[in-house]
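# Residue-level structure breakdown
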Amino acid sequence: MAISIRIDHVTRSFGATKAVDDLSLEIKAGEFFTLLGSSGSGKSTLLKLIGGFDKPSSGQILFDGRNVEDLPANKRPVNTVFQGLGLFPHMTVAQNISYGLKLRGLPSAEISSKVNGMLEMVELGGFGDRNVNFLSGGQRQRVALARALVMEPGILLLDEPLTGLDERLRQQMRDEFGRLHKRTGATFVLVTHNQDEALSLSDRMAIMHHGRIEQLDPPEQFFQTPLNAFVARFIGLENQLRPDVIEQRGDAWVAIISGQTVPVRPTGRHDAVTSVVVIRADRIELAQAESDGHAQLRLKVIETTFRGLHREVKLVFDDGQPLVMTLDASAPVLAVGQTVVVALKADAALLTAAG
Ligand code: ADP
Ligand code: MG
């Protein structure tokens, strides 16, 4: 059965460092929830607190509304896949997977049926007798997952489980997590610094920074309404411009950037001094007759880079602030040094707080 998790004003200090800083958060039963953040932001510390491998300095953790403070790790309805996997090297695949069930004292017929079912689920049917030392990285990863899932945990914690795999395998395993989540119905909490994993798997995700949550939303929401410039950068909205002025005109807002007017939609807190204009690269196009009515900017081309399916074009305003747009790879290549007029599609520019 899936279990809900409530983190209530939790702090975990190491000396002067608050690895987790007065953090509150609710994860719904059965949700695929991701903690996304760069190294040192406190993700693993929070995961260890949920798993019971560490205790909060203050605050509470509740599973289905029940305080789990006095519940040691091995009594929690939780299984964890750590980054290093921690497979038992002297055991076969099947022995690794069955280890926890044996400790629980299940009859051996039931254990082997569960282990075989799990091997099928992670597509390692027939691998039971193999030595784990001779498996590929992806196979070992799947053994670690099977070992956690066979316990039928209400909560599965995954700490950077795909780091270190080559790109093709990482994508394959990422998609496998999504399927396993649907099949098991458990609450999944994934920790990663990889935005692609977070975006493709999560029902909701939180961006962590210095032990706190900067934003918690479904993935799409981060692109529509990033709450600050830090969050925007983290999800790849790299076009961030400093306006000369921002002005309210009726119900609408405009920013003046290097003398040119850009209509902006405010997201999050912003103020006249520290606001940042975020422009989505995918919502900029070369101006055409039918772009009339959209805001237009005159910019100079300083670099174009072939990226396979598209071409990245780096432009600059007169004051030197850069703006990157993407063009279809089959479009004519723009000359460096030329001035172009680009149009901003609806909702291309957001006004957000610095960060
Ligand atoms: P992440 O998993 O996001 O990379 P961590 O949770 O591992 O981050 O660490 C967050 C911060 O807490 C870091 O500054 C780290 O150095 C510190 N930290 C984590 N664990 C310990 C520990 N056992 N002792 C001292 N400092 C720690
Ligand atoms: Mg970590």
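Preceding this section is the structure that the text describes.
Residues numbered from 1 in each chain as written. Chains lettered and ligands numbered in written order. Predicted model: local features only at pLDDT ≥ 70, side-chain atom pairs only at ≥ 80, totals over all residues. Heavy atoms only, no water.

### Describing the overall build of the protein chain
- Along the protein chain, the regular secondary structure elements total eight helices and 21 strands.
- Oriented by its inertia axes, the alpha-carbon framework of the protein chain measures out at about 75 × 45 × 35 Å.
- Considering the protein chain as a whole, with its 355 residues, one finds that 48% of them fall into the buried category.
- Distance from the positive charge centre (38 side chains) to the negative charge centre (41 side chains) of the protein chain: 5 Å. (Helix = DSSP H or I, 4+ residues; strand = E, 2+ residues; numbered from the N terminus. Buried < 20%, exposed > 50% of the residue type's maximum accessible area, 1.4 Å probe, protein only. Lys, Arg positive; Asp, Glu negative; His and termini not counted. Charge placed at Lys NZ, Arg CZ, Asp CG, Glu CD.)

### Considerations on the nonpolar core
- I97, V143, L145, L158, F177 and F188 are the most contacted members of the largest nonpolar core, which has 37 residues in total.
- Listed by contribution, the elements that provide at least two residues to this core are α2 (93–103), α3 (108–121), α4 (137–149), β7 (155–159), α5 (167–184) and β8 (187–192).
- If near-sequence neighbours (up to four positions away) are discounted, I97 is found in contact with V115, L119, V143, A146, R147 and V150.
- Counting residues in each nonpolar core, the second largest holds 26 residues, with A295, L297, L327 and A348 among its members. (Core = buried A, V, L, I, M, F, W, Y, C linked by side-chain atoms within 4.5 Å. Contact = heavy atoms within 4.5 Å.)

### Side note on the packing of aromatic side chains
- The tally for this structure, following the rule as stated, stands at four aromatic pairs.
- Aromatic side chains F32 and F188 sit 5.4 Å apart centroid to centroid with 45 degrees between the ring planes, which places their arrangement in the tilted category. Placement of F32 in strand β3 (residues 32–36) and of F188 in strand β8 is noted, with a sequence separation of 156 residues between them. Here the two residues F32 and F188 agree in accessibility, since each one is buried. (Phe/Tyr/Trp six-rings, centres within 6.5 Å; stacked < 30°, edge-to-face > 60°.)

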